[in-house]
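Chain by chain, the residues run as shown.
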Amino acid sequence: MKFQYQFHDLFNPLIQALNNLGGSASIEELENEVSKILKLTDDQVNEIHKGSRTKLSYRLAWARTYLKKYGLIDNSARGVWTLTEMGKNTKSVSPQKVVSVVRGDVQTPTDEPIEVEIHETQWQNKLIEHVQTLTPQEFERLCQRLLRESGFVNVVVTGRAGDGGIDGKGLFRMAGVISFNVYFQAKRYVGSISPSVVRDFRGALQGRADKGLIITTGTFTKAAKDEAQRDGAIAIDLMDGWQLAEKLKEYRLGVNVQTIEDVNLNKEWFHSL
């Protein structure tokens, strides 16, 4: 069965998910909880919308945008979503009313958000598509630079054939006290990465690393995410294409962010002289 929920169908499951999670949650936690609420199959969770983003992730992003503009939820600079005071007192909403209020009209909810708002996600798609054109060596160096900007030291690219997919390693110091040896794999990839990739990578890390990290321009299946955090095994952190794009923007790596100055006239001020 395909993923058939549209963004407005996810308003109430999203509100319920936030309530289930104590009023606040990361995007990943919300996606997992909504999947449980809707009883989605692995195929539905993994179905790709475009590039490295699943339909669930894409449409939940629009659901969050609409509920935020409606005043029920808000997000912090670190990407944690929370229920507002209004949201805490709202158990369910009319999808039609939310869409009408946010859009300022009485349109019937459609398959996708209105075209004027699509530009908000276009830069991520363009960035991911361009990164996918890099050579494997260029992508490895990009990952190396990203890890250095993220606080890793002694980051080196190994890229040796037959090394179980290990492309490099680095040292991450937490609070300048605790250090972790982290080995990473750089997968310039289109589509979803399966759990077998995670298992093979973990096998190559045995006795060599404290943690592993897979960075990809694609996405990860639900089974791959579950495998990455399997109890009793070396934890593997996963960074998909969407997260990679956000990190490149955060550190201004190959991305220029322009801030437009908005100057407004305060007529009353002049009359108060």
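Residues numbered from 1 in each chain as written. Predicted model: local features only at pLDDT ≥ 70, side-chain atom pairs only at ≥ 80, totals over all residues. Heavy atoms only, no water.

Residue-level account of the packing of helix 2 (residues 27-38) against helix 4 (residues 55-70), with values.
It is the contact of helix 2 with helix 4, at a shortest axis distance of 11 Å, that shows an interaxial angle of 105°. Considering their axes alone, helix 2 and helix 4 lie roughly perpendicular with respect to each other. Of helix 4, the residues touching helix 2 (which contributes Ile27, Leu30, Glu31, Val34 and Ser35) are Leu56, Ser57, Leu60 and Arg64. For the contact of helix 2 with helix 4, a count of residues per class yields five nonpolar, two polar and two charged. (Axes fitted to C-alpha atoms, helices over the stretch in contact; angles between N-to-C directions. Helix = DSSP H or I, 4+ residues; strand = E, 2+ residues; numbered from the N terminus. Parallel < 35°, antiparallel > 145°, perpendicular 65-115°, else oblique. Contact = heavy atoms within 4.5 Å. Nonpolar A, V, L, I, M, F, W, Y, C, P; charged D, E, K, R; others polar.)

Hey, could you go over the confidence of the model for the chain for me, with residue numbers and the actual values?
Of the residues in the chain, 92% reach a pLDDT of 70 or more, and the chain-wide mean stands at 87. Within the model, the stretch residues 114-119 combines pLDDT values under 50 with nine contacts to residues more than four positions away or in other chains. (pLDDT = per-residue confidence, 0-100.)

Break down helix 2 for me, citing the residues and quoting the values.
Its twelve residues place the ends of helix 2 16 Å apart at the C-alpha level, agreeing with the 16 Å of an ideal helix rising 1.5 Å per residue. For helix 2, the complete set of buried residues consists of Leu30, Glu31, Glu33, Val34, Ser35 and Leu38. The inward-facing, buried residues of helix 2 abut helix 1 (11-20), strand 1 (24-25), helix 3 (42-46), helix 4, strand 5 (81-83) and helix 10 (222-228). Where helix 2 ends, the next residue or the one after it, Lys39, has phi of about 55°, a positive value. (Expected span 1.5 Å × (residues − 1). Buried < 20%, exposed > 50% of the residue type's maximum accessible area, 1.4 Å probe, protein only.)

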